[in-house]
Amino acid sequence: MNLKPTRSSIDSSRAELASVPSNDAETTVELSDLQEAGRGIMRNVETVIDGKHEAVQIALTVLLAEGHLLIEDVPGVGKTMLAKALARSVDCTVGRIQFTPDLLPSDVTGVSVFNQAERRFEFKPGPVFANIVIGDEINRASPKTQSALLESMEERQVTVDGVTYPLALPFTVIATQNPIEMEGTYALPEAQRDRFMARISMGYPDSDSELAMLDSRDTNSPLALISAVVSGETLRDMMLTARGVFASGAVKEYAVNLVRATRDDRDLRLGASPRATLQLIRAAKAQAALNGRDYVLPDDIDSLAVAVLGHRLVPTSRALGHHHQDSGPVIDDIVRRILADTPVPVGVAASALSRSVPLVRAVGSTGAS
């Protein structure tokens, strides 16, 4: 693909690199069909990932909500396997980036190369030009290389040598990282962590799942047997359906109150951003759609709060105490405490269906409002 760094080349590159459907062509799917497709993807992924239903569910929710996922855990627990299985379950283009200390930003985004024969520059797209980008061990690269993903994750575009190239939709980054106390890792900057919709941990499997893994992977990898169960076009339609799920004013206010509480909490020196509020609602809409509902419940917010908010928060040294660099358990406990102390909207299903504003009470706290 030959591109000149001119206005005309920008227009042509948009047509070549971004297969974005027009508004007129946008379609949605029935909730029942979306739910069935979601179950098919989960079954497909769980043939590879044993005993991690919740992690798989959140990963699918993030994909459907058009967000980015960060999988953080110790080596060997299936982080990359989950990312690969989810990517193979959807018929989309997939890019793989193995982050290393010597990786350069141009290795991620692409580079303009001068063509001697034609006397012009050609843009060679990097692996970020894919629908699903797997970033393996993202925190092993230098901060300069990590920052190469900032524009693409937030704005779905890449700027190289003054020319902006839009990315194809859907676009999702699924990144894995090891705990920061391990050798050869760099902590992700707060600006990049904030661009991930959710962070999950795999954890060690239980004994039954580990025994089943020994039998199923004795001779070959089950990942090789996975094939796509959903087309890229269907995935885009599912995303549009999830985006249209109804969230009442009371539910939105509840999300805002949760996020604002993190900014004022005594145990946090950095709370969640407004971007966190937006992504919490988007994730809740996707989860509601996967559960066959066209409206968001407070339970959707509660079940996603730790995954969506936790990686954005920075605890105080007093709250961190003896945990030192391992702040994950501390932050998770803080988010759960904030959830328990924040009044949530409640109401019967009929009130949600009629789009009326439900009543309010306090859940998990001693007082009621």
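Computed from a prediction, not measured in an experiment: that's the story for all the values here.

K.L.:
Looking at this model, I keep getting lost on the overall build of the chain. Mind explaining?
P.N.:
The helix and strand inventory of the chain stands at 16 helices and 15 strands. Burial status across the chain gives 50% buried among its 369 residues. For the chain, long-range pairs separated by at least 24 residues make up 76% of all intrachain contacts whose partners lie at least 6 apart in sequence. Of the roughly 17200 Å² of accessible surface on the chain, 51% is carried by carbon and sulfur atoms.

K.L.:
Any chance you could explain the nonpolar core here in plain terms?
P.N.:
One recurring pattern in soluble globular proteins is that nonpolar side chains are buried together. V45, L63, L64, L69, L82 and I301 are the most contacted members of the largest nonpolar core, which totals 75 residues. For this core, the element with the highest residue contribution is helix 12 (residues 274–290), accounting for nine residues. Counting residues in each nonpolar core, the second largest holds 25 residues, with L103, F129, A141 and A175 among its members.

K.L.:
I tried to follow unusual backbone geometry on my own but got confused; where do I start?
P.N.:
Most of the time, phi is negative for any residue but glycine, and the peptide bond is trans. Omega for the peptide link from L169 to P170 comes to 0°, which places this bond in the cis form. Looking at the secondary structure, you find P170 in the loop between strand 8 (163–166) and strand 9 (172–177). Despite not being glycine, R119 shows a phi value in the positive range, around 60°.

K.L.:
What is the right way to read the packing of aromatic side chains from this model?
P.N.:
Tallied over the full model, the rule gives three aromatic pairs. Geometrically, the ring pair formed by F114 and F121 is edge-to-face, given 5.2 Å between the ring centres and 70° between the ring planes. F114 gets classed as partly exposed once you look at its relative accessible area, which sits at 34%. Stacked on the ring of Y295, the Lys or Arg R293 has its end atom at 5.8 Å from the ring centre.

The rules we used
- Residues numbered from 1 in each chain as written.
- Predicted model: local features only at pLDDT ≥ 70, side-chain atom pairs only at ≥ 80, totals over all residues.
- Heavy atoms only, no water.
- Helix = DSSP H or I, 4+ residues; strand = E, 2+ residues; numbered from the N terminus.
- Buried < 20%, exposed > 50% of the residue type's maximum accessible area, 1.4 Å probe, protein only.
- Contact = heavy atoms within 4.5 Å.
- Areas by Shrake-Rupley, 256 points an atom, 1.4 Å probe, with all protein chains shown as cover.
- Core = buried A, V, L, I, M, F, W, Y, C linked by side-chain atoms within 4.5 Å.
- Phe/Tyr/Trp six-rings, centres within 6.5 Å; stacked < 30°, edge-to-face > 60°.
- Lys NZ or Arg CZ within 6 Å of the ring centre and 35° of its normal.

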